[in-house]
Amino acid sequence: MSQTAAPPALSLRGAGLRFGDRTLWSGLDLDVSPGEFVAVLGPNGSGKTTLIRVLLGLLPLSEGEVRVAGHVPRRGSPEIGYVPQQQPLDPDLPLRGRDLVGLGLDGHRFGPGWLRERRTRRERVDRALEQVGGTRYAGAPVGRLSGGEQQRLRIAQALVGDPAVLLCDEPLLSLDLSHQRTVTRLIDERRRAADSAVLFVTHEINPVLPLVDRVLYLVDGRFRIGPTSEVMTSEVLSELYRTEVDVLRVRDRLVVVGAEEHDHHEAPGPRDVLAVGGGA
Amino acid sequence: MDELLSFDDTLELLGEPFVQNALIACAVLGVVAGLLAPLVVSRGMSFAVHGTAELAFTGGAAALLVGLEIGLGSVIGAVVAATIFGVLGLRRRERDSVIGVVMAFGLGLGVLFLSLYDGRSANRFGLLTGSIVSVDGTNLWVLGAVTVLVLATLLVVHRPLLFASTDPDVALARGVPVRALSLVFAVLVGLVTALAVPIVGAILVLSVMIVPGAAANRVTASPVLATLLAIAIAEVSLVGGTILSLAPGLPVSAFVATIGFIAYLLCRLVARLRGRAPVRA
C-alpha cells in the first residue's frame, strides 16, 4: 500500500459506463499509485474487461473522467502496457518471439518508420526479452512455444514501451501453476523495479494474493474498493452479490462459496468457486 | 508426354513481343502476389481469395458480354467481392459461409454471361484457365499502376497490418484499426487477384496468391524472410511456368500450379527434416 504524494499512475473520477439503458457501473472513483497492484475481480459481465478497454483509450466513458499517467488515454499509448490472456496461436504463424515483442513497441504506427531508429528498436526489444528471460526463444516461431513461454513474451511485449501502467486481462488463464507463478513474479519484479502501477483483471485472486495491495470487486454495477482484508469478507461479498456468500481462509488461500447462482455462465472455468484445491 | 516438356521452339518464342509482355507481367505479378501471400495465409483468407477470383471471373465475363475491357471487368468484380467479404465477414466462421453464398451466386452469373456471349470461345476459356496471349500493352500499364498502388499502400500500413494479421486481439488493444485494415487488405487482395486472373485464370489464382505464402510460412517464422521467400517462389512459378508453357503451347496455369506445388512440398520437407532437431533452435 504505497499511498504517497506522487501523482496517481491511473485515476478514475466519477466514472460511469452505460450501454443503452444498461449501466455497467457508475460513480467509480479509483486512484492507483505508481507501484501499486490492484486486482479487479467479479463475475463475467460485470464490466472488468470493459474497464480495461476504457483505460486503453478504446472506449469513452459515459460520465466522469479517466487519466492514465496524467493523460486522457489514447490508442497505442506507450505509457500503457497490455498483457492479454494466453491464446492459441497457429504453429505456422510467420512471427518470431522478437517480432511479437517489437509489435508491442511500434506495431500500431503507420508509415515506413522501421528504417529509422532500427538500432534502438533492436536494443529495446532485446532488453525486454532479457527482462522476462525470453532471450532463448527470441528467434522461435511464437506458435510453437508453450503457453507459459508465450505469456513471458506477452509481458515483454507489454514492457518494451517502458509503461507507467500495466493492464493485465486474465493473463494467468489456462496456464499451469508453475507458469502462473512465473508470470506473476515477472509482473511483480517490474512494478518493484520501475514503479509501474498494475491493474490485474482476474477471476482467481489466489495466484496474486501476496501481491495485491487493493481489490476492486465488481458485481452487477455494485462495487467495492479496498485492501484485500476489507473487501474479501463474507459480509462485503454477500452485500455485493445480494445473497449469502462465505469467504473462507484455508491456509494462505481464499475460498469463496455461494456466488455461483449469480454467475452469468458465459464461459467455462472456475468463476463461481474461487480456487478450491490446486488452483486452475 | 513429349509434348508436355519440349523446348524446341522456346528460344524462338522468347523473342516474340507477346511473350515478352507476358514475362514482364508475370515478373511484376510475382512481386505483389508474393508480398501479400504470407499475410493472406496468416489471416486464414484462402477461401476469400478463391471467392474473390471467382468474382473477378464474373466481372470479366460481364465485360466480355457488353464489350468492355475484360481486365477492367475483373478488377471491378474482384474489388466488389473483396469489399463485400471485408465488410460482411470479419468473424472467421461467418466469413466462410458469406463467401460461399456470394461466390455461388457470382459464379452462376458468370456462367450465364459466358453462355450469352457469342464471340470467340478462346476468350471464354481464357478467363477460367488463363492465357499469356491475353497480356498486351494496356494490361501492362494497368498492372504497373496497380502494383505501384499496392506497394505504396503496403509501405504505409505494413506494420499495423502485420500486427492485425498475426496478433489481432492485442493489436486492437493497442489501438490498431483492425477493421479498417481488414478492408484495406481485402481490396489489395482483390486488385492483385484481378491482375492474376487473365494470366493464370480464375480457378488457379490460388497458385500464386496462396501457395507461395503457405510454402514460405512452413520454413521461416521471420515476417521479412517469409515475404522474400514467397516472392521468390511466386517468381519461379510464374516466370518459370510461362517459359515451360511456351513450346508445348499449353496453358501457363498448369505449369505455374505444378511448380508452386513442388515448392510447397519441398518447404514441407525442409520443415519436417528440421523438426527432428530440437524445436527451439
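Residues numbered from 1 in each chain as written. Chains lettered and ligands numbered in written order. Predicted model: local features only at pLDDT ≥ 70, side-chain atom pairs only at ≥ 80, totals over all residues. Heavy atoms only, no water.

Looking up chain B in an unreviewed UniProt entry gives the name Zinc/manganese transport system permease protein, with the organism given as Pseudonocardia ammonioxydans. As stated in UniProt under Sequence similarities (unreviewed entry), the record for chain B gives "Belongs to the ABC-3 integral membrane protein family." (UniProt positions renumbered as here; feature names shortened; annotations may be inferred.)

An unreviewed UniProt entry lists chain A under the name Zinc/manganese transport system ATP-binding protein, with Pseudonocardia ammonioxydans as the source organism. In its Sequence similarities (unreviewed entry) section, the UniProt entry covering chain A states "Belongs to the ABC transporter superfamily."

### So, the packing of aromatic side chains
Residues and elements named next belong to chain A. By the definition in use, this model includes 2 aromatic pairs over all chains. Centre to centre, the rings of Y217 and Y241 are 6.0 Å apart; their planes meet at 75°, and the pair counts as edge-to-face. With Y217 in strand 8 (residues 214-219) and Y241 in helix 7 (residues 234-241), this residue pair connects regions lying 24 residues apart in the sequence. Across the pair, exposure class does not vary: Y217 and Y241 are buried alike. (Phe/Tyr/Trp six-rings, centres within 6.5 Å; stacked < 30°, edge-to-face > 60°. Helix = DSSP H or I, 4+ residues; strand = E, 2+ residues; numbered from the N terminus. Buried < 20%, exposed > 50% of the residue type's maximum accessible area, 1.4 Å probe, protein only.)

### Concerning the sheet that holds strand 5 (residues 80-83) of chain A
Residue and element names in this part refer to chain A. Here 6 strands make up an open sheet; going across it, the order is 5-6-7-3-8-9 and the pairing mixed. Lying at the two open borders of the sheet, with one neighbouring strand each, are strand 5 and strand 9 (222-226). Going across the sheet, the axis of each strand differs from the next one's by a mean of 15°, ignoring polarity. Where strand 5 lies against strand 6 (residues 165-169), 4 bridges are found, and the strand directions are parallel. Bridge pairing in strand 6 links V83 to C168. Contacts from helix 4 (residues 147-159) reach strand 5 and strand 6, with the element oriented near 165° to strand 5. (Pairing = 2+ DSSP bridges. Axes fitted to C-alpha atoms, helices over the stretch in contact; angles between N-to-C directions. Contact = heavy atoms within 4.5 Å.)

### Details of the UniProt feature "transmembrane region" (unreviewed entry) in chain B
Residue and element names in this part refer to chain B. The residues that UniProt annotates with the feature "transmembrane region" (unreviewed entry) are residues 20-41, 62-85, 97-117, 138-158, 178-211, 223-246 and 252-271. The distance separating the terminal C-alpha atoms of residues 138-158 is 29 Å; by composition the span is 100% helix and 0% strand. Between the C-alpha atoms that bound residues 223-246 the distance is 35 Å, and the span itself is 100% helix and 0% strand.

### Some thoughts on empty space enclosed by the protein
Residue and element names in this part refer to chain A. Counted under the stated rule, the structure contains 2 cavities of 30 Å³ or more. In this structure, the largest cavity encloses a volume near 60 Å³. Elements with a contribution of two residues or more to the lining of the largest cavity: strand 5 and helix 4. Looking at which element gives the most residues to the lining of the largest cavity, the answer is strand 5, with 3 residues. Taken together, the residues of the lining of the largest cavity break down into 5 nonpolar, 4 polar and 1 charged. (1 Å grid on protein atoms, 1.4 Å probe; cavity = no way out; pocket = protein on both sides within 12 Å on 5 of 7 lines; lining within 4 Å. Points joined across faces, edges and corners; volume = space filled by probe spheres on them. Nonpolar A, V, L, I, M, F, W, Y, C, P; charged D, E, K, R; others polar.)

### What to know about the nonpolar core
Most often, soluble globular proteins have nonpolar side chains that are buried together. Grouped together as the largest cluster of nonpolar side chains are 153 residues, with contacts concentrated most on W25(A), L167(A) and Y217(A). Considering every element that reaches this core, the biggest residue donor is helix 9 (residues 178-200) of chain B, with 13 residues. Structurally, this core is a two-domain feature, drawing no fewer than three residues from each of domain 1 (1-79 + 163-227) and domain 2 (92-158) of chain A. With 7 residues, the next largest nonpolar core counts A214(B), A215(B), V219(B) and I233(B) among its residues. (Core = buried A, V, L, I, M, F, W, Y, C linked by side-chain atoms within 4.5 Å. Domains from an automatic or database assignment.)

### Things to note about the pairing of strand 9 of chain A
Residue and element names in this part refer to chain A. Across 5 bridges, the pairing between strand 8 and strand 9 is antiparallel. Residue L218 lies in a different strand from strand 9, and its bridge partner there is F223. From the end of strand 8 to the start of strand 9, which pair antiparallel, there are 2 residues, and D220 there has a positive phi angle of about 45°.

### Examining the confidence of the model for chain B
Any region with low pLDDT has predicted coordinates that should not be read closely. Looking at chain B, the pLDDT average stands at 86 and 91% of residues meet or exceed 70. What the predictor reports for the complex is a pTM of 0.85 with an ipTM of 0.84. (pLDDT = per-residue confidence, 0-100.)

### With respect to a negative patch on the surface
Residue and element names in this part refer to chain B. A cluster of acidic side chains, namely D8, D9, E12 and E16, defines a negative patch on the protein surface. Examined against the element boundaries, E12 turns out to sit in helix 1 (residues 10-14). Taking relative accessible area as the criterion, E12 reaches 61% and is therefore assigned exposed. (Patch = residues over 30% accessible without salt bridge, like charges linked within 9 Å, V, L, I, M, F, W, Y side chains within 5 Å. Areas by Shrake-Rupley, 256 points an atom, 1.4 Å probe, with all protein chains shown as cover. Salt bridge = Lys/Arg side-chain N within 4 Å of Asp/Glu carboxyl O. Lys, Arg positive; Asp, Glu negative; His and termini not counted. Charge placed at Lys NZ, Arg CZ, Asp CG, Glu CD.)

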